[in-house]
Amino acid sequence: MTLETSRRDLFAAGMAGMAAVSVARAVGAAEPGKPVLAPRPPMGWNSWNSFATTITEAQARETAAIMAEKLLPFGYDIFTVDIQWYEPEASSYTYNARPKPAMDAYGRMIPAPNRFPSSAGGKGFAPLAKVVHALGLKFGIHVMRGIPRAAVEANLPILGTQYRANDVADLSSICSWNPDMYGVDMTRPGAQAYYDSIFRLYADWGVDFVKMDDMSRPYDAHAPEIEAAHKAIMATGRPIMLSLSPGETPVIRGDHVRKYAQMWRISDDFWDDWAMLEAQFTRLENWTPWRGPGSWPDADMLPLGRLALGERDTRFTPDEQKTLMTLWAIARSPLIMGGDLRHLDSATLALLTNREVLTVNQASEGNCPHFVEDGVRVWSAVAQGGEDLYVALFNTGDKAREVGIRLRDLGISGPVAVRDLWAGKTLGQQAERVSAVLPPHGAALYRLS
């Protein structure tokens, strides 16, 4: 096949270039000579979808070992303990109205020793991080924006300063769904020192990834704390990736968010519901100009396999599961598995570990949607290191139908060889159009050579 000049220009200077034009301003490239953090979409596992607030050290160690064995060989390398690891009484997807979190003398959350015994004696997450690192994985934690309300009530000192929690807390800035924290007023003396102190603690523990919640909405109100977190990370000298949550992050703030974070959520929590999955198509389309090295719009975790404290398996049908993985791959969303790895079945493992599909997520560029027909979605991308194209076809309707796109609409002249990435086989040549009959909520993913 031949890629026409217009197609090359589109990907060399168009959408891919838009996403990469400010890479030098991304957090990982803030200083000349330093590598970009998250040059590819992060891949890993997070405890929220399967453990809610309840994960223990024993469960974390068991899960990390399974992850290292079954998923790390395919690139999934970030192991993240999600929300309320500091809450001794955490028990479900709801939050205690009057939490009594584990804290140090400077108002910094520490792992609850009854759940993470190795944290006792001031060790924090350092012992668990050491175990995770020994498995070849990176270690991540979830934190909430702000300063603990319990630290404000006790008016604890801020490390290395003359200030106290009451001096920096913004009592009017509270999360609507979690009772743990007050916001930090970044105009007050000592405010940055507080953020510096918590990220210094995380760096000392060996944390590689921080998912920071209650950040992206309302975005402008929280922007000073987003910048403070970035500044605190830079001060540690440790290459800690920053992921902002939840969404919906406003697209109009794309230039700001990519300066200060490597990932940011484009929606509220995503679960195994078709309406939620269908809505992600438009969001990922809208974020196209901001996607690139060190800059990943995040469509949220993969709610696959065993979920919700072991109460059920995913509600997505097999076709919807394939659609989910295909969309996240072609749109280069981070791939963060949320299901309980202790109950990982062969079908889910196969879905997560198709190397050709993962290559689309990790090694493509110019990823963009094509708007060809109502009721269907089509994406394409260029394979890195060559002129081959990836094409993803989606049937978002409730009935089986043919979905396709003309080769000329992809900027291609001449016949192409078509390889089905999910089936792992070459289908033959097409001269004018690539298409497939897809089941309801189904998808196909091809490589055109």
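Residues numbered from 1 in each chain as written. Predicted model: local features only at pLDDT ≥ 70, side-chain atom pairs only at ≥ 80, totals over all residues. Heavy atoms only, no water.

Looking now at the confidence of the model for the protein. Of all residues in the protein, 92% attain a pLDDT of 70 or more, and the chain-wide mean is 93. Note on residues 5-31: pLDDT is under 50 here. Beyond four places in sequence and across chains, it has 62 contacts. (pLDDT = per-residue confidence, 0-100. Contact = heavy atoms within 4.5 Å.)

Here the focus is the sheet that holds strand 20 (residues 416-420). Sheet architecture is open: six strands sit in the order 15-16-17-23-20-21, paired in antiparallel fashion. Each having just a single partner strand, strand 15 (364-370) and strand 21 (425-430) make up the two edges of the open sheet. For this sheet, the mean angle separating the axes of adjacent strands, direction not counted, is 25 degrees. In the sheet, strand 20 pairs with strand 21 via five bridges, with the strands oriented antiparallel. Looking at strand 21, one finds that Asp420 is bridged to Lys425. Against the sheet, helix 10 (residues 274-286) touches strand 15, strand 16 (376-383) and strand 17 (389-395), its axis set at about 40 degrees to strand 16. Running at roughly 90 degrees to strand 15, helix 13 (residues 355-362) makes contact with strand 15, strand 17, strand 20 and strand 23 (443-448) of the sheet. (Pairing = 2+ DSSP bridges. Helix = DSSP H or I, 4+ residues; strand = E, 2+ residues; numbered from the N terminus. Axes fitted to C-alpha atoms, helices over the stretch in contact; angles between N-to-C directions.)

What follows is about the sheet that holds strand 11 (residues 296-298). Read across the sheet, eight strands follow the order 11-10-9-8-4-3-2-14 without closing on themselves; strand pairing throughout is parallel. At either margin of the open sheet sits one strand with a lone partner, and together these are strand 11 and strand 14 (335-337). Across the sheet, the mean angle separating the axes of adjacent strands is 25 degrees when strand polarity is ignored. When strand 2 (residues 43-46) meets strand 3 (residues 78-81), the two strands line up parallel, connected through three bridges. Across the sheet, Gly44 pairs through a bridge with Ile78, a residue of strand 3. The sheet strands contacting helix 3 (residues 57-70) are strand 2 and strand 3, and the helix crosses strand 3 at an angle near 160 degrees.

Where helix 11 (residues 318-330) meets helix 13, the axes come as close as 7 Å, and the angle between the chain directions of the two elements is 40 degrees. For the pair formed by helix 11 and helix 13, the contact residues are Met325, Trp328, Ala329 and Ile330 on the first element and Val357, Val360 and Asn361 on the second. Looking at the contact of helix 11 with helix 13 residue by residue, the classes come out as six nonpolar, one polar and no charged. (Nonpolar A, V, L, I, M, F, W, Y, C, P; charged D, E, K, R; others polar.)

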